[in-house]
Amino acid sequence: MGAMFIGQQFMQNVLGYSTFEAGFAILPAAVFMVLVAAPSARLVHAHGSRFTLLLGYLFVLLSFLTMLLLWKNGSPYWQVGLGYALMGIGIGLFGTPASHSLTASVPVNRVGMASGTADLQRDLGGAIMQSIFGALLTAGYAATVAAAPNKAQITASTQNQLEKSFSSATAVAHEYPQYASAITAGAKTSFLQGANWAYAAGVIATVAGIALVFFLFPHKDDEQRLLGEYQAADAAEAVAEPAATLPGGTRAQ
């Protein structure tokens, strides 16, 4: 979600895509997410959730590195599409084991709760990362604009407008057409700097996720043992419930 949030602005502000083109450009993420979902389930069965989660995280890491290293002013679409394709593969790979780990570790009568927890984690995590990425984008953009060498030649009010956002800089460019190209070029450079801060945060967050899964998530044998214990406990509880009810519907003490 954070990558989409920054990527849409990058394509429209820096590469000059229209709203439709920017939306159409993210299709590789959706396509690869669907294509990888079924193989992901087979990987979970063959190698366990831990392996599949780590593999998915690896592709997400490659996606953020692609954005950090290749997404520049004038980048061809294949570089943009590559970043989104890698992101889609990563999401498709670790979506299945993440959901399976939650729903398989609770009693059957609480599967809905586990599914809701998965949705909450995804939405909450997406909102948090969008906030962090947006803050870093804004901070990096403003810092780069503030460090411009010709700052002394600009009035304080104009400087404030330039530092606010890319759209504010575009408005200033319309007010001063004789400097429009220079203002727009500077705004694109500043936006890219802020975007790189966000992509770097994505790399750090992904590496942190890899470390958590690598060190804390159970290996395949331990996972199967734990899931077997959960299923056995669930079955025992299901058998005990009818036995605890006496004729006439009264509960045994």
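This is a predicted model, so every value here is computed, not measured. (Residues numbered from 1 in each chain as written. Predicted model: local features only at pLDDT ≥ 70, side-chain atom pairs only at ≥ 80, totals over all residues. Heavy atoms only, no water.)

Novice: Describe the packing of aromatic side chains, listing the residues and the values that go with them.
Specialist: Geometry of an aromatic ring pair is reported as the spacing of the ring centres plus the angle between the planes. Here the structure, examined in full by the defined rule, presents 8 aromatic pairs. When the centroid spacing of 5.2 Å and the interplanar angle of 10 degrees are considered together, the rings of phenylalanine 10 and tryptophan 71 count as stacked. One end of the pair, phenylalanine 10, is in helix H1 (residues 2-14); the other, tryptophan 71, is in the loop between helix H4 (49-70) and helix H5 (77-103), with 61 residues separating them in the sequence. Judged by centre distance (5.3 Å) and plane angle (35 degrees), the rings of tyrosine 57 and phenylalanine 94 are tilted. With tyrosine 57 in helix H4 and phenylalanine 94 in helix H5, this pair connects stretches of sequence that are 37 residues apart. The ring of phenylalanine 214 carries the charged tip of arginine 50 above its face, separated from the ring centre by 4.8 Å. (Phe/Tyr/Trp six-rings, centres within 6.5 Å; stacked < 30°, edge-to-face > 60°. Helix = DSSP H or I, 4+ residues; strand = E, 2+ residues; numbered from the N terminus. Lys NZ or Arg CZ within 6 Å of the ring centre and 35° of its normal.)

Novice: So what about the pattern of salt bridges? Which residues, and what values?
Specialist: Summed over the entire model, instances satisfying the criterion amount to 3 salt bridges. In this structure, arginine 225 engages aspartate 222 in a salt bridge whose closest nitrogen and oxygen atoms are separated by 3.9 Å. With arginine 225 and aspartate 222 both in helix H10 (residues 220-243) and 3 residues apart, the pair spans about one turn of that helix. Owing to a relative accessible area of 44%, arginine 225 belongs among the partly exposed residues under this scheme. For aspartate 222, a relative accessible area of 35% puts it in the partly exposed group. Here the salt bridges do not stand alone but share partners, grouping Asp222, Arg225 and Glu229 into one network. (Salt bridge = Lys/Arg side-chain N within 4 Å of Asp/Glu carboxyl O. Buried < 20%, exposed > 50% of the residue type's maximum accessible area, 1.4 Å probe, protein only.)

Novice: Can you explain the layout of surface pockets? Please cite residues and give values.
Specialist: Put simply, the largest pocket is a space of about 1500 Å³. Tyr57, Phe94, Gln121, Arg122 and Gly125 are, among the 42 residues lining the largest pocket, the residues nearest its centre. With 12 residues, H5 is the single largest residue contributor to the lining of the largest pocket. (1 Å grid on protein atoms, 1.4 Å probe; cavity = no way out; pocket = protein on both sides within 12 Å on 5 of 7 lines; lining within 4 Å. Points joined across faces, edges and corners; volume = space filled by probe spheres on them.)

Novice: I'd like to hear about the nonpolar core, residue by residue, with values.
Specialist: If you look at the biggest cluster of nonpolar residues, it comprises 36 residues, and the most contacted ones within it are Phe10, Met11, Phe64 and Phe191. Sorting the residues of this core by element identifies H1, H4, H5, helix H6 (111-146), helix H8 (166-175) and helix H9 (180-216) as the ones contributing at least two each. The biggest single contributor to this core is H9, with 9 residues. Here phenylalanine 10 is in contact with Leu15, Trp71, Lys72, Val80, Phe191, Leu192 and Tyr199, once residues within four sequence places are set aside. (Core = buried A, V, L, I, M, F, W, Y, C linked by side-chain atoms within 4.5 Å. Contact = heavy atoms within 4.5 Å.)

Novice: How would you explain the environment of alanine 139 if you had to name every residue and give the values?
Specialist: Examined against the element boundaries, alanine 139 turns out to sit in helix H6. A relative accessible area of 35% places alanine 139 in the partly exposed class. Taking the C-alpha atoms as reference points, alanine 139 and leucine 102, 37 residues apart in sequence, are found 37 Å from one another.

Novice: A description of H1 should follow, citing residues and the corresponding values.
Specialist: With 13 residues, H1 ought to run about 18 Å at 1.5 Å a step, and its terminal C-alpha atoms sit 18 Å apart, in line with that. Restricting attention to buried positions, one finds in H1 the residues Gly2, Ala3, Ile6, Gly7, Phe10, Met11 and Val14. Within H1, the buried residues cover an arc of 140 degrees as seen down the axis, which keeps them to one side. Lining the buried residues of H1 we find helix H2 (19-24), H4, H5, H6 and H9. The positive-phi residue at the C-terminal boundary of H1 is glycine 16, with phi of around 80 degrees. (Expected span 1.5 Å × (residues − 1). Arc of directions from axis to C-beta.)

Novice: Could you give an account of the environment of alanine 127, with specific residues and numbers?
Specialist: By secondary structure assignment, the location of alanine 127 is in helix H6. On the basis of relative accessible area, alanine 127 is assigned to the partly exposed category, the value being 40%. Distance from alanine 127 to alanine 85, taken between C-alpha atoms, is 22 Å for residues 42 residues apart in sequence.

Novice: Give a description of the side chain of serine 190 that names residues and reports values.
Specialist: By the secondary structure assignment, serine 190 is in helix H9. Setting aside its immediate chain neighbours within four residues, serine 190 contacts Gly140, Tyr141, Thr144 and Val145.

Novice: Please provide a residue-by-residue account of the confidence of the model for the protein chain, values included.
Specialist: Chain-level pLDDT for the protein chain is 87 on average; 93% of the residues reach the 70-or-more range. The spread of mean pLDDT over the elements of the protein chain runs between helix H7 (residues 156-164), the lowest at 78, and H4, the highest at 96. (pLDDT = per-residue confidence, 0-100.)

Novice: Run through the side chain of lysine 188, naming residues and quoting values.
Specialist: Looking at the secondary structure, you find lysine 188 in helix H9. No salt bridge is formed by the buried lysine 188; its nearest oppositely charged neighbour, glutamate 21, is found at 12 Å. Other than its neighbours up to four places away in sequence, lysine 188 contacts Asn13, Val14, Asn73 and Phe166. (Lys, Arg positive; Asp, Glu negative; His and termini not counted.)

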